[in-house]
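# Observations on chain architecture
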Amino acid sequence: MRLLVSVVDESEAREAVLGGADIVDVKNPAEGSLGAHFPRVIKAVREIVPRGVEVSAAVGDAPYLPGTISLAALGAAICGVDYVKVGIYGPKDFREALTLSREVCTAVKEYSGDVKVVLAGYADYARAGCLNPLEIPELARRVDADVAMVDTKIKDGRKSLEFLSLGELADFVEYAHEHGIAAALA
């Protein structure tokens, strides 16, 4: 198990590293639960975080705009991160999610096979109006993404376990691992 700490700037990144973070995750909560930050902030965080600590960057709670989101993912990859994280929010069905995810993975992997792609679903999908997160591991398998993740979309203090059972989360992790995909639970 590894510890990921989300940060909004270089100051928080320094604190995360001092606190023992394995992964420093750059995001902008003002733009959503997986809100994208400015390239200048992502690059500044990457510059101050020691190379032994990985850096991830969220590119947003993605609408169904495959061109726009694949371009954002490529932009994050160019900033020097180890992981590019995309919230599968806008696609309303598996087919749309597959198209969006495939374009993101293609853009990132053509730039660098070393940058990992994280596909994130939302435990509170029913109230957020998005894809069931239990489909994310299969989605990741089909597009060769590296990590399948569950988070919450609406940040009101409710936790993933209020929307998904331990059994469902265990199945999520097991399926991902059976297919060589890392699993992340927020």
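Rules and cut-offs
- Residues numbered from 1 in each chain as written.
- Predicted model: local features only at pLDDT ≥ 70, side-chain atom pairs only at ≥ 80, totals over all residues.
- Heavy atoms only, no water.
- Pairing = 2+ DSSP bridges.
- Helix = DSSP H or I, 4+ residues; strand = E, 2+ residues; numbered from the N terminus.
- Axes fitted to C-alpha atoms, helices over the stretch in contact; angles between N-to-C directions.
- Contact = heavy atoms within 4.5 Å.
- 1 Å grid on protein atoms, 1.4 Å probe; cavity = no way out; pocket = protein on both sides within 12 Å on 5 of 7 lines; lining within 4 Å.
- Points joined across faces, edges and corners; volume = space filled by probe spheres on them.
- Nonpolar A, V, L, I, M, F, W, Y, C, P; charged D, E, K, R; others polar.
- Buried < 20%, exposed > 50% of the residue type's maximum accessible area, 1.4 Å probe, protein only.
- Disulfide = S-S within 2.5 Å.

### Side note on the sheet that holds strand β4 (residues 83-88)
If you trace the seven strands from one edge of the open sheet to the other, you get β1-β2-β3-β4-β5-β6-β7, paired in parallel fashion. If you trace the sheet from one side to the other, it starts and ends with β1 (4-7) and β7 (182-185), each paired once. Each adjacent strand pair in this sheet contributes to an overall mean axis angle of 25°, direction not counted. Relative to strand β6 (residues 147-151), strand β5 (residues 116-122) runs parallel, the two being bridged by five bridges. Pairing of Tyr 122 across the sheet is with Asp 151, part of β6. Sitting on the sheet, helix α1 (residues 10-18) touches β1 and β2 (23-26), and the angle it makes with β1 is about 165°. Across the sheet, helix α6 (residues 136-143) lies against β4, β5 and β6, angled at about 155° from β5, the strand it touches most.

### Let's talk about the layout of surface pockets
Size it by volume and the largest pocket reaches roughly 580 Å³. Looking at the largest pocket, it is lined by 22 residues, and the ones nearest its centre are Arg 2, Leu 4, Ala 183, Ala 184 and Leu 185. At the level of secondary structure, the elements contributing two or more residues to the lining of the largest pocket comprise β1, β2, β4, β6, α7 (166-178) and β7. Broken down by element, the lining of the largest pocket gets its largest block of residues, four residues, from β7. Counted by class, the lining of the largest pocket contains 14 nonpolar, three polar and five charged residues. Considering the residues around the second largest pocket, the lining is formed by 13 residues, among which Ala 36, His 37, Pro 39, Ile 42 and Ala 72 are closest to the centre. Where the lining of the second largest pocket is concerned, the elements lending two or more residues are α2 (39-48), β3 (54-62) and α3 (66-78).

### As for unusual backbone geometry
Across residues other than glycine, the phi torsion is negative in most instances, and most of the peptide bonds are trans. Although it is not a glycine, Asp 144 adopts a positive phi angle of roughly 60°. Along the chain, Asp 144 falls in the loop between α6 and β6. With a relative accessible area of 58%, Asp 144 lands in the exposed category.

### Side note on the state of the cysteines
In this structure the tally under the stated criterion is zero disulfides. No disulfide involves Cys 105; its nearest neighbouring cysteine sulfur is the one of Cys 79, lying 18 Å away. Residue class for Cys 105 comes out buried when judged on its relative accessible area of 3%. With no disulfide of its own, Cys 130 lies closest to Cys 105 among cysteine sulfurs, the gap being 18 Å.

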